[in-house]
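Spelled out from the first residue to the last, the chains are:
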Amino acid sequence: MDPVAPNPNPRHPVHGVSQSRPEPLSRPPEAGARPCPDRNGELPLAVPADLNDVPAAAQKFAVDLPRQALIAGLQARIGSIERRERQISLQGSKREPWTSGASAIDARLGGGGLDCGGVHEIKSGMDSNGNAALGFAWRLAVRFSGQQPQASQTPILWCTTDRSIGEMGRPHGPGLMRLGLDPQRLLLVEARRSIDVLWAIEEGLKSRVLVLAMLDEIDLVAARRLSLAAEANAVPVLLLTHPAHAPAASTASRWRVSSLPSADHSFDSRAPGAPRFRVQIERCRNRPLACEGQPHVLEWSDETRRFRMVPGVVDRAHAPPKSDERKWRRLPSGLGAGR
Amino acid sequence: MRESGDACHRALGPDGDPFVLVATGRHGLTVTAANAAAMAESVRPGMALADARALFPALRSGLAEPEEDRRALLRLARWCGRYGPDRNVEIAPVAGGAAGDLVRDHGLWIDITGVSHLFGGDEALARDLCLRLAGFDLTARVGLADTFGAAHALARFSAPPIAMSTPKPWISAPPGLTPDWIEALPVEALRLESATVVALKRLGLRRIGDLYGLPRAALERRFREAKTVSGVLARLDQALGRKAEPRRPLAGLPELWVRRGFADPLISADGLEAETGALLAELCALLETHGIGARRIRLVLYRADGTVAQVAAGTSAPVREARHIMRLFADKLGTLDAGFGVDMLAVEVLVAERFAASDIALANGVDLEASGNPSELIDRLSNRLGPARVFVLRPRQSQIPERAEVRWPALSGATASKSCGPVAAGHDRLSKRPEILLSRPEPITVTAEVPDGVPAAFTWRRVTRRVIRAEGPERIAPEWWRSLARRMPEAMERPGPQDPAPPLGAPLGEPVPRSSAPRTRDYYSLEDTSGAGYWVFRNGLYGDTAEEGPPAWFMHGLFP
């Protein structure tokens, strides 16, 4: 059997599992069996392409998982096979996983990292200045360009509307350069209406470039359409939406990011250090389990260009430096100098 | 070979009734144009309307609209692009017209050099033109000759007005025989001033042929005029092809031009799209033969009713791939109105460029998207959203943050990178810069120690934030040479390759609205209690002169 031959009917394995469910559950666990051997970036192509193999494969996974989890796991696995086969046929080569660098998060996401062919929605927490989500997205883009060999030279499409430019400003080349992103790769689209932004995102996906877009809101149909385009072309979209609006459906993942007090600066205790983010995964299509639990605290390093888990939220006492209060003077702009 | 068509006024009414157009002249209403029936009653342009009414009391009249006439003629000239790209309207006062300021002689010319074989020869082209003009109900006269001057003379003084019934309504001088064909025409046909015509006639020189034998020196001496262009000798030489006569075409001449006519007008969008695709394939083969690529392309639809619709598309790199060009046009084709049908399609390459070595992959249709060539994406985005909405960032030699980079229209991509000079130098890796720069620094209220303390709290967008950590100041002095340039604008700041003019929409010049001259800035990077980062600056120093005013604080960028 040629393992690369596509499965003529990918739905069959599911039926196979449901027919032979009682038997494998009663089997004793086999030594060395792992629930999902294909998650760590191995090609999952040795999986049953034939009906006859299915019971045996199902037996393997019937270790001690409850029935629901077993079915969910297999379904996710089939989904990833199908998606990956499409990616492979498009790319002609295997993709590296797109990881954040923080292993605890990457392991939760399944598939070794973020989905390279999906829409990832990132929302700011309500409390920050709104830039935490954007900063997080830029850093994910840096990770993406660093890890995908073919993405290191392609442009990055940045799409916004005029309105959000007035509110949030524009990308600044020197700042992006510090992150490790060549600003000359950036293609900026400033559209008048959000429908034009959606069109531009789709065009970008068709050209297989990573897209970062800022929108107030995205409706169900548009999100589904972008999701399909991302999947078909195997490139991701990082979608920044307004935190107050309803989340989009049919995204590969949804994150809520807010800023945290930064790490200590190496040389100056009073200066801001490496930025930290509180990251909550609110949705993950491949791994529903990833959304549970406490938010993670991630710290970005400009030197290694990766995120790092910060063990436990360090809640420093935020006190202004001890000083004579009389020295501080309120200076409304435009009023007398010094006096 | 030149061709000159002479289109008369529009809507002169049914042939049966005498009808004139009138305009307000020095002595009341004056006839500016008359139809054939009115001419038969001896009504002539230039007459007072009262005189014309005396000749024919039931004469109907309408008000002349010279501007509308001009526009109609321009539309017709645009439509004449189907016969050749080099064409324009010609508006000149009639020679010898009694009311020269009113009577205008409307004509248009088409240069059909190297084009007529596409129609099966000069005669076939002229027949096609006459038939179509007659179909539009236009009273026109058509002349064909080697030179523009001769064609002008033939069309106006020899050709009959075209009609469907006339078998050969145009006058065509065979190549090389121009002198013989115009010698019998009156001297007015040479486009001379009316005073000159009168003087010539007084001398007994009534026909163009009379001038042939005269000694040139004598002719020149007698008719020496300040405007040598319209001198007798100059006009004669132009008509006979001894002297070149430059003319301006209606639109820029395309580098390459492909067209396709249809026996039955196309109406359906599908048909239009299919034919455009076929035409583009033809064009791209042609581009390949010439070894060039198109940067700007125009698609022109010649509608059956004599109007023209056109769309243009630009590309950021030379292109000769029909699929790509078709995609650029595909969006716009839907918005075009085919009207009563399109009977000719033309694709014109307005700007063409030679391929650079790096563009070869593009030309040969290698898997571009995998190799990461962004130009197709840029083209699609720019053509749909407008070139002023798709940008790339180009670094620039400046320490002032908002001047450190230029937003450059992506469509002019390749030329921009050349003109920007030393590139990477603009982006300094060492200094801390935010990822987001506000499009305009926003004033904030700051609590800080005087004179150069770190802010302890600030109010931005009506929210007060307490500062926990801060770094700074980073002092950025104004660029003195720019304030010098402001004082002496003509001496400095010439638009050169070093300092390209910022594109539309780029933040220009001083971001700080109130102060006139740029001041020293102290930048601070702040972090508030929630951990959000800000980049603020104090514009000016304490201790500046009174006229500069007190320093003010601004929010300029955001850190995560």
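Draft legend 1. Geometry of the overall build of chain A. The helix and strand tally for chain A stands at 10 helices and 11 strands. Burial statistics for chain A: of 339 residues in total, 42% are counted as buried. A separation threshold of at least 6 residues defines the contact pool for chain A, and within that pool the share at least 24 residues apart is 73%.

Draft legend 2. Broad picture of the interface of chain B and chain A. Facing the 60 residues of chain B at the interface are 66 residues of chain A. Breaking the side of chain B that touches chain A down by element, the ones donating at least two residues are helix H14 (368–371), helix H15 (375–385), strand S13 (390–395), strand S14 (405–409), strand S15 (436–448), strand S17 (463–476), strand S18 (521–528) and strand S20 (552–559) of chain B. In terms of residues, the side of chain B that touches chain A owes the most to one element, S15 of chain B, which gives nine residues. Of the residues contributing to the side of chain B that touches chain A, the split by class is 34 nonpolar, 11 polar and 15 charged. Here strand S4 (residues 186–191) of chain A runs beside S13 of chain B; their pairing, made up of three bridges, is antiparallel. Along S13 of chain B, the bridge assignment pairs Leu187 of chain A with Val392 of chain B.

Draft legend 3. Seen up close, the confidence of the model for chain A. All names here are of chain A. On average, residues of chain A score 73 in pLDDT, and 67% of them reach the 70 mark or higher. Scored below 50 in pLDDT, residues 89–94 shows four contacts in the model against residues more than four places distant or in partner chains. Note on residues 314–339: pLDDT under 50 across the span, and 30 contacts to partners over four residues away in sequence or across chains.

Draft legend 4. Region of interest: the sheet that holds strand S2 (residues 19–25) of chain B. Residues and elements named next belong to chain B. Taken in spatial order, the three strands make up an open sheet running S3-S2-S4, and their pairing is mixed. In this open sheet, the two strands that pair with only one neighbour each are strand S3 (28–34) and strand S4 (60–63). Across the sheet, the mean angle from the axis of one strand to that of its neighbour is 45 degrees, orientation sign disregarded. When S2 meets S3, the two strands line up antiparallel, connected through six bridges. Directly across from Val20, in S3, lies its bridge partner Ala34.

Draft legend 5. Local environment of unusual backbone geometry. All names here are of chain B. Cis peptide bonds are those with omega within 30 degrees of zero, and the linkage from Val450 to Pro451 qualifies with 5 degrees. Tracing the backbone through its elements, the reader meets Pro451 in the loop between S15 and strand S16 (455–460). Residues Gly472 and Pro473 are joined by a peptide bond in cis, for which omega reads 0 degrees. One can find Pro473 in strand S17. The backbone of Asp137 sits at a positive phi, close to 65 degrees, despite the residue not being glycine.

What counts as what
- Residues numbered from 1 in each chain as written.
- Chains lettered and ligands numbered in written order.
- Predicted model: local features only at pLDDT ≥ 70, side-chain atom pairs only at ≥ 80, totals over all residues.
- Helix = DSSP H or I, 4+ residues; strand = E, 2+ residues; numbered from the N terminus.
- Buried ≥ 20, exposed ≤ 12 C-beta atoms within 10 Å, placed from the backbone.
- Contact = placed C-beta atoms within 7 Å.
- Nonpolar A, V, L, I, M, F, W, Y, C, P; charged D, E, K, R; others polar.
- Pairing = 2+ DSSP bridges.
- pLDDT = per-residue confidence, 0-100.
- Axes fitted to C-alpha atoms, helices over the stretch in contact; angles between N-to-C directions.

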